[in-house]
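# Chains, contacts and geometry: an overview
Given next are the chains, with one letter for each unit.
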Amino acid sequence: MVVRIGFLSIAHLHAHSYGRAINGLTGCRLVGIYDPDQERGMQGAKEMGTEYFADPAELLSQTDAVIICSENSRHREFTELAAKHGCHVLCEKPIATTLEDARAMIDACARAGVKLQIAFPVRFVTPVLRVKEMLDSGAVGKVLAIVGTNQGQMPGGWFADPELAGGGAVMDHTVHVVDLIRWFLGKEFVSVYAEVDNMLWDTGIDDCGMLSMELEDGTIVTQDPSWSRPMTFPTWGNVTMRIIGTQGMIDLDAFAQNFVVYDDAHRKVSERSFAEDMDLGLIQDFIQMIVEDREPTITGYDGLKALEVALAAYRSAQEKKPVALG
Amino acid sequence: MIRVGVVGYGTIGQVHCEALQEVPGCQLVAVADVDPEARARAQRDYGVVAAESMEAMLDAAEVDLIDICVPTHLHEAMMVQAMEADKHIFCEKPLARSLEEGRRLVELAKGYRKKIGIGHVVRFTPAYRGIRRSVEQGEVGRIGVVRTFRGGSQFPEGWQDWFANFNLSGGVILDLMIHDLDYCRWLFGDVERVYAKSTCGRTEVRLEHAMAVLRFKSGVIAHLEASWTNYPGQFYTAVEVAGKDGLITFDSRKSSPLAAMTVPGVSAQAGAVAANPYALELQDMVEAITEDRQPLVTVEDAFGALEIALAAVESARTGRVVEI
Ligand SMILES: NC(=O)c1ccc[n+]([C@@H]2O[C@H](COP(=O)([O-])OP(=O)(O)OC[C@H]3O[C@@H](n4cnc5c(N)ncnc54)[C@H](O)[C@@H]3O)[C@@H](O)[C@H]2O)c1
């Protein structure tokens, strides 16, 4: 079986990396791209060596599955559209910008009998997989505290538009670490406190954040989602986690497998990864899910629970007190 | 010549005595410690008077400056006693164990004629001084988010295991995080509110890991992390300051100019070789006396840090936000 895949919007740059992954794999085929922005869609189609579709219904009639890389607030309409056409969905994170939309997406896919997977590719980073194995084998005993960061440069574009993105740094960078922790420990977040502000970039959207949280088993967690890496930073950002257990500690720096290039011509220092491609892992897993007809590795519910934490952070910052999660 | 008497010849008392050897204009003349072994050590190391109490030390030697290096819960009583003896005082951080003790010291210090300095040594650490200069000069613009880390080494062993008794030490927040609390306050001013978490009370294991989120009146958001481990780890500190125009980062593990491996056996040494901050803080104290000025860290400064530390301790205990 060759799984036929299409893109519903490539507004999110990750689309290009997913496209490369699809093109590099056997067992799947990139059918085409629909994008409401025709120019962007056609340009993307050219770069990925595929076709542009002006009508999403036409694309969906030729695909088994779609990847939704639209702006966050449009995930719902595209997911519902895909479900209506019986296509499985891989949706970029965060699942949506409201819990209502997230629930509607989960329901729509369930009703249509299609699978909904959320793109948390960090779960497929090799050192992250190692951490999962170590925790499962009890290598550091019972986990007591986790200190996480997902700091980055300011992504710009629609990411800084509250209507389209649903929020700034906190919306963009909270969900990865929250998802990893839920997956690592199988525990839910029960309280969220946050300081959130716009102090670093002239965008009017939050770029500084600090979250302090608790899991149902009393594990304490902090997470820094700030867009606090300057333009001169040698890489886009990081995902780090310090995990303190009763029997030891793990320091994870998920994207630290780099060499450094000092480039005089462009007056730029940059870190280049030599790690395995996490997006390849994500796409491979998505294809496998369809072929084997199994449950998604990362479900819509996972996406919803991560979004819940990000939204609670905004509420906490407004109320200046911790917010309890059901 | 300022004659110095060090009270408490434990971990930090020994560091002070050694540092004093580098400080011009002063001389170590006496040590006091309740522990006979510590007294014997002091005598052997420096050949000075080693008394069993501060009182006995003052009887046995002429002292101008009393350097208090006893466990935290004894700071207040010792400082009061030293003030009664009308001496210049240098006292290790934290200022005191409780807010009440701290307030009393602030009151007493107001009318006091001699100098009092508190050992917030991070303000004398070359790297941290340099970072402050960069921030003050506006090199990275208006500051938004700050992170600090301090710890990584094993839960400290002290006299009668006083560190493990929360009522005496105040745990990792009051003992260790307070360094960065003072430093951040020095750079970013007053704190508006604190929300903190700690493993204290959540495990029986001999470790403590704490994380505090601070909001400064200036708007700065800070995340401070301090840790005592239950495995033999390496002590390190890190700080990063993100501003509108850039980012400053420091990690003590990455700025060690020396490493040596020797045969036989395997031994490695690495670490910064910049000026000794303990000597610098004591030099500032000695100069404050001779120049008749305030030392860099006053009782009021130290009270400011104490207030935030105890607010963090309370927040961690109650789960609530504490306004300062
Ligand atoms: N600035 C720093 O980097 C730093 C580092 C370590 C400790 N400290 C601070 O220094 C203080 C001491 O810590 P430490 O690690 O040296 O503790 P420690 O337990 O190693 O030493 C304390 C010493 O005080 C002695 N002592 C106890 N009661 C006494 C009394 N009534 N009179 C005289 N001596 C007495 C003990 O016998 C012991 O030798 C604490 O407040 C701690 O927070 C600061």
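Look up: the structure comes first, before these words.
Bear in mind the structure is a predicted one, so any value in this text is a computation, not a measurement. (Residues numbered from 1 in each chain as written. Chains lettered and ligands numbered in written order. Predicted model: local features only at pLDDT ≥ 70, side-chain atom pairs only at ≥ 80, totals over all residues. Heavy atoms only, no water.)

### Quick notes on the interface of chain B and chain A
As a reminder of what qualifies: Throughout, a residue-residue contact means that at least one pair of heavy atoms, one from each residue, lies within 4.5 Å. Summed over both partners, the accessible surface that disappears when two parts come together, traced with a 1.4 Å probe, is what is meant by buried area. Here, a salt bridge means any side-chain nitrogen of Lys or Arg that lies within 4 Å of a carboxyl oxygen of Asp or Glu. Here a polar contact means two N or O atoms within 3.5 Å. Within protein one must be a hydrogen donor candidate and the other an acceptor candidate, and residues neighboring in sequence count only if both atoms are side-chain atoms. Per the convention used, a helix needs a DSSP run of H or I reaching at least four residues, while a strand needs a run of E reaching at least two, with both numbered from the N terminus.
Contact residues are listed per partner, giving 37 residues for chain B and 43 residues for chain A. Taking both sides of the interface into account, the surface hidden between chain B and chain A amounts to around 3100 Å²; carbon and sulfur atoms contribute 62%. For the interface between chain B and chain A, the tally reads 9 salt bridges. At the boundary of chain B and chain A, one finds 14 residue pairs in polar contact (both at pLDDT 80 or more). At the level of secondary structure, the elements contributing two or more residues to the side of chain B that touches chain A comprise β7 (143-154), β8 (191-198), β9 (208-216), β10 (221-229), β11 (236-243) and β12 (246-251) of chain B. Among the elements that line the side of chain B that touches chain A, the one with the most residues is β7 of chain B, at 6 residues.

### Section: the packing of helix α6 (residues 126-136) of chain A against helix α8 (residues 169-185) of chain A
All names here are of chain A. Definition in use: Note on definitions: angles span 0 to 180 degrees between N-to-C directions of axes, and those axes are lines fitted to C-alpha atoms, for helices only across the stretch in contact. Crossing handedness: left-handed means the near helix sits turned counterclockwise from the far one by under a right angle, and right-handed means the same turn made clockwise. Side-chain classes are defined by residue name, with Ala, Val, Leu, Ile, Met, Phe, Trp, Tyr, Cys and Pro counting as nonpolar, Asp, Glu, Lys and Arg as charged, and the others, Gly among them, as polar.
The N-to-C vectors of α6 and α8 enclose an angle of 35°; their axes lie 9 Å apart at closest approach. As for the relative orientation of α6 and α8, their crossing is right-handed in sense. On α8, the residues touching Val128, Leu129, Val131, Lys132, Leu135 and Asp136 of α6 are Leu180, Trp183, Phe184 and Leu185. Considering only residue class, the contact of α6 with α8 consists of 8 nonpolar, no polar and 2 charged.

### With respect to the state of the cysteines
By definition, a disulfide is the covalent link that joins the sulfur atoms of two cysteine residues. Rules: The disulfide criterion used throughout: a pair of cysteine sulfur atoms within 2.5 Å. Partly exposed residues are those whose accessible area sits between 20% and 50% of the maximum for their type, while under 20% is buried and over 50% is exposed, using a 1.4 Å probe and protein chains only.
One pass over the full model with this rule turns up 0 disulfides over all chains. The thiol of Cys69 of chain B is not disulfide-bonded; the next cysteine sulfur, from Cys17 of chain B, is found 7.2 Å away. Given a relative accessible area of 9%, Cys69 of chain B falls into the buried group. In this model Cys184 of chain B remains outside any disulfide bridge; the closest cysteine sulfur is found in Cys208 of chain A, 14 Å from its own.

### Brief notes about the site of the ligand
All names here are of chain B. To be explicit about the condition: Here a residue counts as near a molecule or strand whenever at least one of its heavy atoms sits within 4 Å of it. To be clear on the numbers: accessible area is Shrake-Rupley with a 1.4 Å probe, and residue cover counts the displayed protein chains and nothing else. Segmentation of the chain into domains, including their bounds, is taken from an automatic or database domain assignment.
The ligand sits among 27 residues. The nearest are Asp33, Trp159, Trp162, Asp175 and Tyr278. One nitrogen or oxygen atom from the main chain of Ile12 is found 2.9 Å from an oxygen atom belonging to the ligand. Here an oxygen atom of the ligand and a side-chain polar atom of Asp175 are 2.7 Å apart. Bound to the protein, the ligand loses 90% of the 850 Å² it would expose on its own. The residue makeup of the shell around the ligand, split by class, is 15 nonpolar, 7 polar and 5 charged. Structurally, the shell around the ligand is a two-domain feature, drawing no fewer than three residues from each of domain 1 (2-120 + 279-297) and domain 2 (123-274 + 305-323).

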